[in-house]
Amino acid sequence: MRIIIIGAGIGGASAGIALQRLGHEVEIYEQVTENKPVGAAISVWSNGVKALNHLGLGAQTAALGGRMDHMSYRDGLTGETMCRFPLDPITEQMGQRPYPVARADLQAMLMDAFGLDRIRFGRRLESISQEPGSVTVTFADGSRATGDLLIGADGAKSRTRAYVLGTERERRYAGYVNFNGLVDIDTQVGPADQWTTYVADGQRVSVMPIAGGRFYFFFDVLEPQGLAYRRADAREVLAQHFAGWAPGVQKLIANLDPMTTNRVEVFDIDPFHTWVKGRVALLGDAAHNTTPDIGQGGCSALEDTIMLERVLATTTLGVEDSLRRYQDSRTQRAGELVLTARRRADVTHAKDPEATRAWYEELRTEDGTNVIRGIVANMVGNPLG
Ligand code: FAD
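Here the residue numbers are simple positions, counted from 1 along each chain's written sequence. In keeping with the model being predicted, local features are shown solely for residues with a pLDDT of at least 70 and side-chain atom pairs are shown and tallied solely at 80 or more, while totals for entire chains, interfaces and linings include all residues. With hydrogens and water set aside, each side-chain value is computed from the structure's full complement of heavy atoms.

**Q** I would appreciate a short explanation of the UniProt feature "domain: FAD-binding" (unreviewed entry) in the protein in the present structure.
**A** UniProt positions are given in the numbering used here, feature names are shortened, and annotations may be inferred rather than shown by experiment. Those residues carrying the UniProt feature "domain: FAD-binding" (unreviewed entry) are residues 3–338 in this numbering. Labels follow the DSSP assignment, with helices taken as runs of H or I lasting at least four residues and strands as runs of E lasting at least two, numbered in each case from the N terminus. Spanning residues 3–338, this segment combines 32% helix with 30% strand, and its end C-alpha atoms are found 28 Å apart.

This is the structure in structure tokens:
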């Protein structure tokens, strides 16, 4: 078959690799003119790593991944350790170590594996039409492409989604802003093999090790939507939000490079269960836009890819039947993850301050059992076991 994919993010590029491996002729159309991932890094949990392994990228992913042997929560104001525990039980229970990786590295790996020469950059999808047996897309530059099926992996503001649903879906502001970037590992902020998170007052500051002696850092800040912001001011803005916080947090603010620090307003979309219209299917954030609070958005996109590959391996009753099977196998699980992430976001960011205070108290007696149970629960039900 000739397959058109819109979007070369984690979802589109991974789907491209999988469908190409089935022997199809696949082309990806991407609106940007160069590969510039938004965001610094991403935690690829065991379910996502398994999907990458399945795509033949296991060794490369392991080489990009940071060594995250422990996890610790610290009191954001005093820096006192609230709890600290090993993360091996995740690897033991899931059969795969999770890897935090730089987005640019992950994106480059996926695009290379797919084939850069089959990604058409600078092509922005404008409209979609279906005829019996085919689908045609028109791009902003007036060019067109026709295929047997179309995968809309065009992200949180997906145009394909509006086509599939026949209406725009409103994105819901989650009430906080995530500042993120990469910085050299500094043991005054956290140990080199540990995911360290400082929490207080409904805000959090976190560092995760990635390859190359670097930390992926992020700050969750309670700010209204739409504030004016200049990248050059990142350090001053964060210093203001985290005045009086622990020395490790101040050190991180001093170490970061404002010009490579991203500011992302966090949104999600209520789960919906129509992902397919005829020969057109949604994948990744286009289908399930989530807050990042359980680190499962990209992993979910990779799970979509695995299921899409499975259903398209046999199309006895036709492509449309296979795509419906893809939809039916994915919407429930992906939707549950969106709602789990939303609940986690609310507790972390003090939507109900009493619930957040109770969580901080729990952390002071945590031996890892509950946190690991929660992380593993998010992965149970993934297509690769
Ligand atoms: P995208 O990465 O958004 O890619 C969509 C692509 O489509 C883009 O390249 C875009 O340019 C292109 N496009 C859009 N419209 C058009 C058009 N009209 N025509 C052509 N091309 C188009 N997930 C995790 O698993 N773990 C984490 O730790 C994690 N942390 C996160 C932290 C933050 C702050 C955020 C915001 C998200 C995080 N996520 C995480 C979620 C993860 O980033 C997303 O789920 C994932 O990137 C979605 O990939 P995608 O390919 O579906 O969409």
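**Q** I tried to follow the nonpolar core on my own but got confused; where do I start?
**A** If you look at soluble globular proteins, the nonpolar side chains tend to sit buried side by side. By convention a nonpolar core is built from buried Ala, Val, Leu, Ile, Met, Phe, Trp, Tyr and Cys residues, the set being connected through side-chain atoms within 4.5 Å. Between buried and exposed lies partly exposed: a residue is buried under 20% and exposed over 50% of the maximum accessible area for its type, with that area taken using a 1.4 Å probe on protein chains only. In this structure, Val44, Ile90, Leu106, Ile151, Leu308 and Tyr326 are the most contacted members of the largest nonpolar core, which totals 91 residues. No other element matches the seven residues that helix H9 (residues 297–313) contributes to this core. Counting 23 residues, the second largest nonpolar core, distinct from the first, contains Val183, Phe215, Val237 and Leu238.

**Q** How do you make sense of the site of the ligand when you look at a structure like this?
**A** Whether a residue is near a molecule or strand depends on its heavy atoms: if one lies within 4 Å, it is near. The immediate surroundings of the ligand are formed by 29 residues, with Gly11, Glu30, Ser43, Leu125 and Asp285 found nearest. Note that a nitrogen atom of the ligand is positioned 3.0 Å from one of the backbone N or O atoms of Gly295. Shrake-Rupley sampling with a 1.4 Å probe provides the accessible areas, and residues are treated as covered by the protein chains on show and by no other component. Against a free-state accessible area of 1000 Å², the protein chains account for coverage of 84% of the ligand. If you list the elements that add at least two residues to the shell around the ligand, you get helix H1 (10–21), strand S2 (25–30), strand S3 (41–44) and H9. For the shell around the ligand, a count of residues per class yields ten nonpolar, 13 polar and six charged. Here a polar contact is recorded for every N or O atom pair within 3.5 Å, except that within protein the pair must consist of a potential hydrogen donor and a potential acceptor, and residues adjacent in sequence are included only if both atoms are side-chain atoms. Following the grouping adopted for this structure description, the nonpolar residues are Ala, Val, Leu, Ile, Met, Phe, Trp, Tyr, Cys and Pro, the charged ones are Asp, Glu, Lys and Arg, and the polar ones are all others, Gly among them.

**Q** Honestly, unusual backbone geometry in this entry has me stumped. Any pointers?
**A** Excluding glycine, residues mostly carry a negative phi; peptide bonds, for their part, are mostly trans. One non-glycine residue, Asp201, adopts positive backbone phi at about 50°. Along the chain, Asp201 falls in the loop between strand S13 (194–200) and strand S14 (203–210). On the basis of relative accessibility, which here comes to 54%, the residue Asp201 falls in the exposed class. Unlike most non-glycine residues, Ala350 shows phi in positive territory, near 55°. Mapped onto the elements, Ala350 comes out in the loop between helix H10 (319–348) and helix H11 (353–364).

**Q** I keep staring at the packing of H1 against H9 and nothing clicks. Help me out?
**A** To characterise two packed helices, one gives the angle between the axes of the helices and the distance between these axes. Angular values range over 0 to 180 degrees, each being the angle between N-to-C directions of two axes fitted as lines to C-alpha atoms, with helices fitted over their stretch in contact. Where H1 contacts H9, the two axes come as close as 9 Å, and the packing angle between them is 25°. Here H9 runs roughly parallel to H1, going by the angle between their axes. The element H1 and its partner H9 pack so that their crossing is right-handed. Here Ile10, Gly11, Ser14, Ala15, Ala18, Leu19 and Arg21 of H1 come into contact with H9, specifically with Gly298, Ala301, Leu302, Thr305, Leu308, Glu309 and Leu312. For the contact of H1 with H9, a count of residues per class yields eight nonpolar, four polar and two charged. For classification purposes, an angle smaller than 35 degrees is called roughly parallel, one larger than 145 roughly antiparallel, one from 65 to 115 roughly perpendicular, and anything else oblique. Note: crossing handedness is left-handed where the near helix turns anticlockwise from the far helix by less than a right angle, and right-handed where it turns clockwise. Residue contacts are defined here by distance: any two heavy atoms, one from each residue, within 4.5 Å place the two residues in contact.

**Q** What should I look at first to understand the pattern of salt bridges in this one?
**A** Pairs can form between side chains of opposite charge whenever their charged atoms are close. Between Lys or Arg on one side and Asp or Glu on the other, a salt bridge is scored when a side-chain nitrogen of the former is within 4 Å of a carboxyl oxygen of the latter. Across all of its chains, the model carries 28 salt bridges by this definition. Note that Asp233 and Arg230 form a salt bridge whose closest N and O atoms lie 2.9 Å from each other. Between Arg263 and Glu265 there is a salt bridge, with its nearest N and O atoms 3.2 Å apart. Each of Arg2, Glu25, Glu27 and Arg120 takes part in a single network of salt bridges with overlapping partners.

**Q** Would you mind showing me how to read the environment of Asp105 here?
**A** Along the chain, the position of Asp105 falls in helix H5 (residues 103–114). Once the C-alpha coordinates of Asp105 and Leu222 are considered, the two residues, 117 residues apart in sequence, prove to be 30 Å apart. Each residue touching Asp105, except ones within four places of it in the same chain, is listed here: Leu64 and Arg214.

**Q** Got a minute to help me understand the packing of aromatic side chains in this structure?
**A** Aromatic rings considered in pairs are described by the distance between their centres and by the relative angle of their planes. Stacked, edge-to-face and tilted labels apply to pairs of Phe, Tyr and Trp rings (six-membered ring for Trp) whose centres lie within 6.5 Å, assigned for plane angles under 30 degrees, over 60, and everything in between, in that order. This structure, assessed with the given rule, holds eleven aromatic pairs. Ring geometry for Phe179 and Tyr229: centres 5.7 Å apart, planes at 80°, overall edge-to-face. Residue Phe179 is located in strand S12 (residues 172–184), and its partner Tyr229 is located in the loop between strand S15 (214–221) and helix H7 (234–241); the two are separated by 50 residues in the primary sequence. Geometrically, the ring pair formed by Phe217 and Phe219 is edge-to-face, given 5.8 Å between the ring centres and 75° between the ring planes. The same class applies to Phe217 and to Phe219, which are both buried. Grouped by ring-pair contacts, the aromatic residues Phe217, Phe219, Phe242 and Trp245 constitute a single cluster.

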